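Chain residues, written in single-letter form:
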Amino acid sequence: MLLESLDARQLVRILLVEDEKKLARSIKQQLERGGNFVEIAEDGIDAETKARQERYDIIILDLNLPKKSGLDVLRDLRAASYTTPVLILTALEGVDHRIEGLRIGADDYLAKPFDSGELVARIEAVLRRCGFSRTAVLRAADLTMDVVRRTVERAGEKIPLSEKEFSLLEFLLRNKNQILTRKRLIEQIWGYKFETGTNIVDVYISYLRNALDKGFSRKLIHTMHGEGFILIDR
Ligand code: CA
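What comes next is a walk through the structure. (Residues numbered from 1 in each chain as written. Predicted model: local features only at pLDDT ≥ 70, side-chain atom pairs only at ≥ 80, totals over all residues. Heavy atoms only, no water.)

**As for the overall build of the protein**
Then, number 1: From N to C terminus, the protein includes eight helices and 11 strands.
Then, number 2: Across its three principal directions, the C-alpha atoms of the protein cover 60 × 35 × 30 Å.
Then, number 3: Looking at the protein as a whole, 43% of its 234 residues are labelled buried.
Then, number 4: Residue pairs at least 24 apart in sequence account for 57% of intrachain contacts in the protein once pairs closer than 6 positions are excluded.
Then, number 5: Put simply, the protein shows about 12,100 Å² of open surface, and 50% of that area lies on carbon and sulfur atoms.
Then, number 6: Between the centroid of the 38 positive side chains of the protein and the centroid of its 37 negative side chains there is a distance of 4 Å. (Helix = DSSP H or I, 4+ residues; strand = E, 2+ residues; numbered from the N terminus. Buried < 20%, exposed > 50% of the residue type's maximum accessible area, 1.4 Å probe, protein only. Contact = heavy atoms within 4.5 Å. Areas by Shrake-Rupley, 256 points an atom, 1.4 Å probe, with all protein chains shown as cover. Lys, Arg positive; Asp, Glu negative; His and termini not counted. Charge placed at Lys NZ, Arg CZ, Asp CG, Glu CD.)

Below, the structure is given as structure tokens:
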């Protein structure tokens, strides 16, 4: 069962160009948890090929790359009239590179090492400036989540949630009316490979139910036996 999901249409498509595998994986994981689609390119040539062939909403571009530098990739893309917004990732000491990057058409830059929250904020700022509007408020029935202010309310009452509960609920809301398997949830929210035997998803789903659905006749979170969980907004 795959029902129409309004929020799915606002999925941000991101090309992440980063040759440090571990860093790339952790950025990808974090951005996908927020409901984005992330593709990784590990060298400059691969990055340029992907950027020319696919449509992305934003490119996150490391400068020091194998095969072709980030600056050369950016210069060639701009010269060929590709206008996809670019956020440069660069080592702290690379001031000249940052200036050069902005001069040849990057939209912003972030110095490494960076805070993952700042990366998300910068991406959103670049997308806003480029006219991409992404709803900061997610809704289902009388539940609202403000992903910028990090608040959740049901029927006008504030509901305090832990960081993990918030991430899980955000993912359920961004994929509402779709069945999400335990495997998918554990990989998205906890970032590790699914092992049968763990009940962590069930535990957190029950925390969310207690926080959100308790006392309401209309339940939002449902268990689909043998399949997973679904947040229903209808
Ligand atoms: Ca690098």
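**Let's talk about the pairing of strand 1 (residues 13-17)**
Then, number 1: Taken across its five residues, strand 1 has four buried, putting it largely inside the fold.
Then, number 2: As judged from the five bridges shared by strand 1 and strand 2 (residues 37-41), these two strands associate in the parallel manner. Opposite Ile14, over in strand 2, you have Val38 as the bridge partner.
Then, number 3: Read from strand 1 through helix 1 (residues 21-33) to strand 2, the crossover connection turns out right-handed.
Then, number 4: One ladder, built from four bridges, connects strand 1 with strand 3 (residues 58-62); its direction is parallel. Bridged to Ile14 within strand 3 is Ile58. (Pairing = 2+ DSSP bridges. Right-handed = clockwise from strand over helix to strand, strands pointing away.)

**Topic: the packing of aromatic side chains**
Then, number 1: With the rule as written, the count across this model stands at two aromatic pairs.
Then, number 2: A ring pair is formed by Tyr204 and Tyr207, whose centres lie 5.0 Å apart and whose planes are at 75°; its orientation type is edge-to-face. Remark: Tyr207 and Tyr204 occur in helix 8 (residues 200-212); sequence separation between them is three residues, near one turn of the helix.
Then, number 3: Relative accessible area serves as the criterion here: at 19%, Tyr204 is assigned to the buried category.
Then, number 4: A residue is classified by how much of its surface remains accessible, and Tyr207, at 40% relative accessible area, is partly exposed.
Then, number 5: In textbook terms, an aromatic cluster arises when at least three aromatic residues are bridged by ring pairs, as seen for Trp190, Tyr204 and Tyr207.
Then, number 6: When the ring centre of Phe216 is taken as origin, the NZ or CZ atom of Arg154, which lies over that ring, is 3.9 Å away. (Phe/Tyr/Trp six-rings, centres within 6.5 Å; stacked < 30°, edge-to-face > 60°. Lys NZ or Arg CZ within 6 Å of the ring centre and 35° of its normal.)

**Thoughts on the nonpolar core**
Soluble, globular proteins show a tendency: their nonpolar side chains are buried together.
Then, number 1: The biggest cluster of nonpolar side chains holds 27 residues, and the ones touching the most others in it are Leu168, Leu169 and Leu172.
Then, number 2: Elements supplying a minimum of two residues to this core: strand 6 (137-140), strand 7 (143-146), helix 6 (163-174), helix 7 (182-190), helix 8 and strand 11 (228-231).
Then, number 3: With six residues, helix 6 is the largest single contributor of residues to this core.
Then, number 4: Apart from the residues within four sequence positions on either side, Leu169 is in contact with Leu143, Met145, Val152, Leu161, Leu208, Leu212 and Leu231.
Then, number 5: The next biggest cluster of nonpolar side chains, apart from the first, holds 18 residues, and it includes Leu15, Ala41, Ala47 and Leu65. (Core = buried A, V, L, I, M, F, W, Y, C linked by side-chain atoms within 4.5 Å.)

**Regarding the environment of Glu124**
Then, number 1: Tracing the chain through its elements places Glu124 in helix 5 (residues 116-129).
Then, number 2: Sequence separation between Glu124 and Ile58 is 66 residues; the distance between their C-alpha atoms is 9.9 Å.

**Here we look at the side chain of Asp108**
Then, number 1: Topologically, Asp108 is positioned in strand 5 (residues 108-112).
Then, number 2: Residue classification places Asp108 among the buried residues on the basis of a relative accessible area of 13%.

**Details of the coordination of the calcium ion**
Then, number 1: Around the calcium ion, the protein contributes the donor atoms Asp19 (OD), Asp62 (OD) and Asn64 (O), which lie 2.1 to 2.3 Å from the metal centre.
Then, number 2: Spacing between the donor residues of the calcium ion along their common chain follows D-x42-D-x1-N. Taken together, the residues span a long stretch of sequence, with Asp19 in the loop between strand 1 and helix 1 and Asp62 in strand 3 at a distance of 43 residues.
Then, number 3: The partly exposed category is assigned to Asp19, whose relative accessible area is 27%. (Donors = N, O, S within 2.8 Å, 3.2 Å for Na, K, Ca; no water.)

**Remarks on the pattern of salt bridges**
Then, number 1: Per the counting criterion, the structure on display carries 26 salt bridges.
Then, number 2: Across the pair Arg52 and Glu48 runs a salt bridge whose closest N-O atoms are separated by 3.0 Å. Placement of the pair is Arg52 and Glu48 together in helix 2 (residues 44-53), with a separation of four residues, close to one helical turn.
Then, number 3: Among the ionic pairs, Asp233 bridges to Lys176, the shortest N-O distance being 2.9 Å. On the criterion of sequence distance, the pair formed by Asp233 in the segment after strand 11 and Lys176 in the loop between helix 6 and helix 7 is long-range, its members being 57 residues apart.
Then, number 4: Given a relative accessible area of 23%, Asp233 falls into the partly exposed group.
Then, number 5: One network of salt bridges, in which partners are shared, links Glu18, Glu20, Asp62 and Lys112. (Salt bridge = Lys/Arg side-chain N within 4 Å of Asp/Glu carboxyl O.)

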